[in-house]
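Structural overview
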Amino acid sequence: MFFGAGLTTAQPMATTPSRLIPSQLRPSMATVSDEHQTQDWGLRPEEWTRYRELMKGPLGIWSPNIDPLSALGIEARSDEERDHYAELQARAEARRVEKILAYQRAYDAAWLRLFPGQQRVNLPGAPSPDTGNTGSDRLAVFIKANCPPCQQRVQQLQAVGSAMDIYMVGSRQDDEHIRTWATQAGIDPVKVRDRTITLNHDGGRWLSLSLPGDLPAVVREVNGQWQRQ
């Protein structure tokens, strides 16, 4: 499918100690980094080692940005192990959402202080506030990479013929990132060419909407307000 856009020579052995220190520190710095990562994800050293090994195989090719808990859970060797990683991920996700909401509250306060009364975001297909439009059949769908529920939701909407503008959160403004996701999600290129479906970078829109819940998110404009469906 196709979705269009838009030598330094080696130092002699008799090198001064100050030049040797950086290279001597690299292994220990890498070790410290792995230790921090292990602690951040609530894993044991042997679990982190298994995750690193998994990422050298097919999983790392199919899902290069997958998080350690998802990787270990998907490749679990028993039901008990799968349940263990599912619980760890649920706890980690709860902590992440709590941080996001705390930041969102700070963002909301800053917006009201800096831009009182100003509309936060103008999504494609959104009417002007003064048009009196009572709603739109076009949907805005916010998704992210490595999110099976996101792909499933978009596939469901596409199957029933919904017109939608898809926004990828965390795309880093990389068009190829979105094209790859669209191919994996089974987005019909014909629908993209005729603008029934559009593929877009989020660019901060999801945060601007201040809607609760995680992704995927399907929202629609109703009486000038964007509401989650």
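Summed over all chains, the structure comprises nine salt bridges. The partner of Arg-44 in a salt bridge is Glu-47, and the shortest N-O contact between them spans 3.6 Å. When its relative accessible area of 44% is taken as the criterion, Arg-44 is described as partly exposed. Of the charged contacts, one joins Glu-53 and Lys-56 as a salt bridge, the two residues approaching to 3.2 Å between their closest N and O atoms. Judged by its relative accessible area of 47%, Glu-53 is partly exposed. Connected via shared salt-bridge partners are Arg-44, Glu-46 and Glu-47.

Helix length check: helix α6 (residues 148–159) (twelve residues) gives 16 Å between terminal C-alpha atoms against 16 Å at 1.5 Å per residue, within 8%. For α6, the complete set of buried residues consists of Cys-150, Gln-151, Val-154, Leu-157 and Gln-158. Around the axis of α6, the buried residues are gathered within 130 degrees of arc, so they sit on the same side. Opposite the buried face of α6, by more than 90 degrees, sit the exposed residues Pro-148 and Ala-159. Taken together, the buried residues of α6 touch β1 (139–143), β2 (164–168), α7 (175–185), α8 (189–193), β3 (197–201) and β4 (217–222). Where α6 ends, the next residue or the one after it, Gly-161, has phi of about 80 degrees, a positive value.

Next up on the list: the packing of aromatic side chains. What the rule picks out here adds up to three aromatic pairs. Aromatic side chains Trp-48 and Tyr-51 sit 5.1 Å apart centroid to centroid with 50 degrees between the ring planes, which places their arrangement in the tilted category. Of the two residues, Trp-48 and Tyr-51 both sit in helix α2 (residues 45–54), three residues apart, roughly one turn of that helix. The exposure class of Trp-48 is buried, given its relative accessible area of 7%. Note on Tyr-51: relative accessible area 11%, which makes it buried. Consider the rings of Phe-142 and Tyr-167, whose centres lie 5.2 Å apart with planes at 20 degrees: the pair is stacked. Taken together, the positions of Phe-142 in strand β1 and Tyr-167 in strand β2 put the pair 25 residues apart, joining distant regions of the chain. An identical accessibility class is assigned to Phe-142 and Tyr-167; each is buried.

Turning next to the sheet that holds strand β5 (residues 225–228). Taken in spatial order, the five strands of this open sheet run β3-β2-β1-β4-β5, and their pairing is mixed. For this open sheet the edge positions go to β3 and β5, each flanked by a neighbour on one side alone. Shown here is a sheet whose adjacent strand axes are inclined to one another by a mean of 25 degrees, direction ignored. With five bridges joining them, β1 and β2 adopt parallel strand pairing. Bridge pairing links Val-141 to Ile-166 in β2.

Calculation criteria
- Residues numbered from 1 in each chain as written.
- Predicted model: local features only at pLDDT ≥ 70, side-chain atom pairs only at ≥ 80, totals over all residues.
- Heavy atoms only, no water.
- Salt bridge = Lys/Arg side-chain N within 4 Å of Asp/Glu carboxyl O.
- Buried < 20%, exposed > 50% of the residue type's maximum accessible area, 1.4 Å probe, protein only.
- Helix = DSSP H or I, 4+ residues; strand = E, 2+ residues; numbered from the N terminus.
- Expected span 1.5 Å × (residues − 1).
- Arc of directions from axis to C-beta.
- Contact = heavy atoms within 4.5 Å.
- Phe/Tyr/Trp six-rings, centres within 6.5 Å; stacked < 30°, edge-to-face > 60°.
- Pairing = 2+ DSSP bridges.
- Axes fitted to C-alpha atoms, helices over the stretch in contact; angles between N-to-C directions.

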